[in-house]
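Commentary on secondary and tertiary structure
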Amino acid sequence: MTRRGRPRTFDRAVALERAMEVFWQRGYEGASMTDLTAAMGIGSPSLYAAFGSKEALFREAVALYDEVDGRIPRQLLRDAPTARAGLDALLRHYAQAYVDPARPTGCMVALAATTISAENDQVRAFLAECRQADVANLERRLDRGVSEGDVPSGTDTGTVAEFFYAVSLGMALRARDGASGQTLRRIAEATLAAWDAVLESATPAD
């Protein structure tokens, strides 16, 4: 049987990585189809044939970002001997990764769609879900710290997770604003210096 249509003449994985970097740099709405197709080295028909739509392409790009750029911080958090050591390693990693000259600055999930038009609200909601999953991961590590004895029993781990995640979002934004790696490291160090005070504030009084 003779196949209809021309075979793809591009590497889908490479094209997806290039699209990820465009979305990371420009955000969802800021990335035009012209920007995407130029970076991916394909025409619009090929993009739609391979990925379905701009939103579908974006969701795949976020999944790739999570797989590639999210793997190391998750591993650092998981493998550290204590919750505090895990959060220390996590923030120090972000201080370096967010200003890596080989990649766009900041965090794609943090910055790609914080404000967005109503017609793309499903994209905003999708990224909010991604960020909430990151908070939940921090909370699970803190809960593990409670069970292993390095986080005080009774600590509101959800509040502590929200605090540290808010710091990481601020670091991502400051990196996009041009903050140096040294500045981000100082933010990380100052945050961890407040560890005991943060836990105390998140522990209900008897």
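Rules and cut-offs
- Residues numbered from 1 in each chain as written.
- Predicted model: local features only at pLDDT ≥ 70, side-chain atom pairs only at ≥ 80, totals over all residues.
- Heavy atoms only, no water.
- Helix = DSSP H or I, 4+ residues; strand = E, 2+ residues; numbered from the N terminus.
- Buried < 20%, exposed > 50% of the residue type's maximum accessible area, 1.4 Å probe, protein only.
- Polar contact = N/O pair within 3.5 Å; in protein donor to acceptor, adjacent residues only side chain to side chain.
- UniProt positions renumbered as here; feature names shortened; annotations may be inferred.
- Contact = heavy atoms within 4.5 Å.
- Salt bridge = Lys/Arg side-chain N within 4 Å of Asp/Glu carboxyl O.

In the annotation of an unreviewed UniProt entry, the protein chain is listed under the name AcrR family transcriptional regulator and assigned to Plantactinospora soyae.

This paragraph deals with the side chain of Thr155. Secondary-structure assignment places Thr155 in the loop between helix H8 (121-148) and helix H9 (157-177). Residue classification places Thr155 among the buried positions, given a relative accessible area of 10%. A polar side-chain atom of Thr155 sits 2.7 Å from the main-chain carbonyl oxygen of Pro152.

When the UniProt feature table is mapped onto this chain, "DNA-binding region" (unreviewed entry) is found at residues 32-51. Spanning residues 32-51, this segment combines 80% helix with 0% strand, and its end C-alpha atoms are found 15 Å apart.

Turning next to the side chain of Thr37. Position of Thr37 relative to the elements: it lies in helix H2 (residues 33-40). Every residue in contact with Thr37, bar those within four places of it in the chain, is listed here: Ile42, Gly43, Ser44 and Leu47.

This part is about the pattern of salt bridges. Summed over all chains, the structure comprises 13 salt bridges. The partner of Glu60 in a salt bridge is Arg12, with the nearest N and O atoms 2.8 Å apart. Of this pair, Glu60 sits in helix H4 (residues 54-68) while Arg12 sits in helix H1 (residues 12-26), and the two are 48 residues apart along the sequence. The class of Glu60 is partly exposed, set by a relative accessible area of 28%. Under the relative-accessibility criterion, Arg12 is labelled partly exposed at 27%. Glu17 serves as the salt-bridge partner of Arg103, at 3.6 Å between the closest nitrogen and oxygen. One end of the pair, Arg103, is in the loop between helix H6 (83-97) and helix H7 (108-111); the other, Glu17, is in helix H1, with 86 residues separating them in the sequence. Residue class for Arg103 comes out buried when judged on its relative accessible area of 18%. One salt-bridge network, held together by shared partners, links Glu17, Glu21, Asp69 and Arg103.

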